[in-house]
Amino acid sequence: MPFGNTHNQMKMNYSAEQEYPDLSKHNNHMAKVLTPAIYDRLRSKQTPSGFTLDDVIQTGVDNPGHPFIMTVGCVAGDEETYEVFKELLDPVIEDRHGGYKPSDKHKTDLNPDNLKGGDDLDPNYVLSSRVRTGRSIRGFCLPPHCSRGERRMVEKLSNEALDSLTGDLKGKYYALKNMTDAEQQQLIDDHFLFDKPVSPLLLASGMARDWPDARGIWHNDNKTFLVWVNEEDHLRVISMQKGGNMKEVFNRFCTGLTKIESLFKEKGHEFMWNEHLGYVLTCPSNLGTGLRAGVHMKLPNMSKHAKFEEVLKRLRLQKRGTGGVDTAAVGGVFDISNADRLGFSEVELVQMVVDGVKLLTEMEKRLEKGQSIDDLIPAQK
Amino acid sequence: MTKNCHNDYKMKFSVDEEYPDLSKHNNHMAKVLTKEIYGKLRGKSTPSGFTLDDVIQTGVDNPGHPFIMTVGCVAGDEESYEVFKDLLDPIISDRHGGYKPTDKHKTDLNFENLKGGDDLDPNYVLSSRVRTGRSIKGFTLPPHNSRGERRGIEKLSIEALSSLDGEFKGKYYPLNGMTDAEQEQLIADHFLFDKPVSPLLTCSGMARDWPDGRGIWHNDNKTFLVWVNEEDHLRVISMQKGGNMKEVFRRFCVGLQKIEEIFKKHNHGFMWNEHLGYILTCPSNLGTGLRGGVHVKLPKLSTHPKFEEILTRLRLQKRGTGGVDTASVGGVFDISNADRLGSSEVEQVQLVVDGVKLMVEMEKKLEKGESIDGMIPAQK
């Protein structure tokens, strides 16, 4: 991969027009925003670590679109990407995150006490609850751009931090490259194991280089708190359990995350964060909280109702299949989660999920009894 | 020479910290690379900014292949072979039968020097084909080139090919503007190449911006075909049904030389030097870059215990009819020259012509239940 700015200088021998990508068949956020004028102004720039405009947009050029989802089509290679290429990324962020302006401030709230309710989602409908986010370690390049040395250092620092967790959070790290067959099978059975990405959306960004070097999975003994190291982001932190006690899941999430952050700080490393973009991650879609809180729930009746999509939209929720972001639902079971990431705090987003799921359950019960749900349709949140 | 930021940035980490884990790897790069070589070369980059990690990325990402010993590294430009010679010379030696850094390569595209080859038995030899690659001087190679460069190559190629006439008169089909009807026809003719799916290729970066700047040109007779901007700047193919390899090679040489003339007029000759011959993206294709082969029916010979041995001695290799990493179907094999570097085009096609003739004789003998022991050749 030509991650070099030397080649970037060489490309200046060609006009902006000669270098401008053909986006005529494209439908992603990058393609909607990029223009020859923006390309011209940004193409000679690079971040201090050498990430260029072409590096930012390569995945969007290589992947014109996706049938189910509006893809972002660009990635950050380091923290500075969002500053150096703001002329492209600010409009992408605005389009993706509901009109979020370059002057807006993002609120972080990881105090689980601020969540109201959420411990009583009906387990007859809510099968499991999960909260995930990502974190980037300041001072290192991001997965599309990092070298093996950097990636291994991220792994080393992560291990040191995770090893010192205690109590409910005490656990173990499993490096992808020297997992035993037994360990691998167990992690698959627990639905914890992540594999080398196959999606061209991810591969085209360069994040799968050197796989499986320095990639791994850490989880606590109770199997309710899980950290992915060096997959799409430096860290992906996941709290999950069966049933509908989202409050407990969020509690553990906040406690664990805050503990990990202070362990990193003790060693002189912070997470990438700023008051405009919140937590800085590889994909612009995950800025802000980077948080996706969701449940797997049975909605066989509700999902067939004419107003299902409308209700979700008003609740600021989205549906996915239980296999993840680009899958379809099976057997009336849906993954329901917050649609927003940036411009709302963690507590606010989880609150929306808790309140929204409660309402959807009510609606499902009504429809089961053949009753109307018209009076339950919510206003736009 | 401008410095390469991220490469310099990586120097903060020690060789040990950056050195790839090759413990599960079996490719030419993994056999040759050491921490010492890595330490020596990692601070360098070519004038266009190609670095050691760029060279080896595909070999790091792809530990090995069940059928073939992969090379595991690529060039990003002509200078890669010079700047990274400490790594690439031993790989070239290992891959090309001991070819030394001081050896000289012979180019011979005079088809009249080929003896025979017009009478391979069409009852056995179903088709004949010769292909090679060419890189255009002054542009970086597919793992590294920008859209502007790739389009520049396409433009020059179209100009050159459009000026061909007679038996070479033809048409260019850009991948990006093909009609459905054109696409159907190209598939039916077995001409169409598609976006690479093999991670061996995609990990090197050569599929970026697909299908921009890529296309297929062929003559009206459908016997001379050029791929633009696939794994190399140009892949040139001469082919036809039956066993007249002489004719295939004649057309190959004549067409190739006409094309080279036109590129030279535009001050963009082909990348070539007297040590490595024609410079291509993959070190395995240096020298002639030539693979001359036939699809031939060898149901009996292919099950003979000495089949592999015979091929080795004839300096030939077998493949399935689907290409480099496929298996044969119905006793039909793709038989071609194994060598690329250190022997000329004429010499390599001669090996194919002579070798295939012999194998067809052997097949006929085995059909009659006779022994072929007296025909086993010496090592060429």
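Residues numbered from 1 in each chain as written. Chains lettered and ligands numbered in written order. Predicted model: local features only at pLDDT ≥ 70, side-chain atom pairs only at ≥ 80, totals over all residues. Heavy atoms only, no water.

### Section: the domain arrangement of chain A
When the parts of a complex come together, some accessible area is lost, and that lost area is often taken as the interface size. Residues and elements named next belong to chain A. Domain parsing of chain A yields domain 1 (3-95) and domain 2 (110-367). For domain 1 and domain 2, the distance between their C-alpha centres works out to 27 Å. Listed per partner, the contact involves 23 residues of domain 1 and 26 residues of domain 2. A buried area of about 2000 Å², summed over both sides, lies between domain 1 and domain 2, and 69% of it is on carbon and sulfur atoms. Here domain 1 and domain 2 share one salt bridge between them. One salt bridge connects arginine 138 with glutamate 79, and the closest N-O pair in it is separated by 2.6 Å. At the level of secondary structure, the elements contributing two or more residues to the side of domain 1 that touches domain 2 comprise helix H5 (53-62) and helix H7 (86-96). (Domains from an automatic or database assignment. Contact = heavy atoms within 4.5 Å. Buried area = accessible area lost by both parts, 1.4 Å probe. Salt bridge = Lys/Arg side-chain N within 4 Å of Asp/Glu carboxyl O. Helix = DSSP H or I, 4+ residues; strand = E, 2+ residues; numbered from the N terminus.)

### A word on unusual backbone geometry
Residue A:Trp211 is joined to A:Pro212 through a cis peptide bond whose omega torsion reads 0 degrees. Positionally, A:Pro212 belongs in the loop between helix H10 (200-203) and strand S3 (216-220). Each neighbour pair has its own omega, and for B:Trp210 with B:Pro211 the value is 0 degrees, a cis peptide bond. Position of B:Pro211 relative to the elements: it lies in the loop between helix H10 (199-202) and strand S3 (215-219). For B:Asn229, which is not glycine, the phi dihedral falls at a positive 60 degrees. Given the relative accessible area of 2%, B:Asn229 is considered buried. Of note, B:Asn267 is a non-glycine position whose phi angle comes to about 65 degrees, a positive value. Judged by its relative accessible area of 70%, B:Asn267 is exposed. (Buried < 20%, exposed > 50% of the residue type's maximum accessible area, 1.4 Å probe, protein only.)

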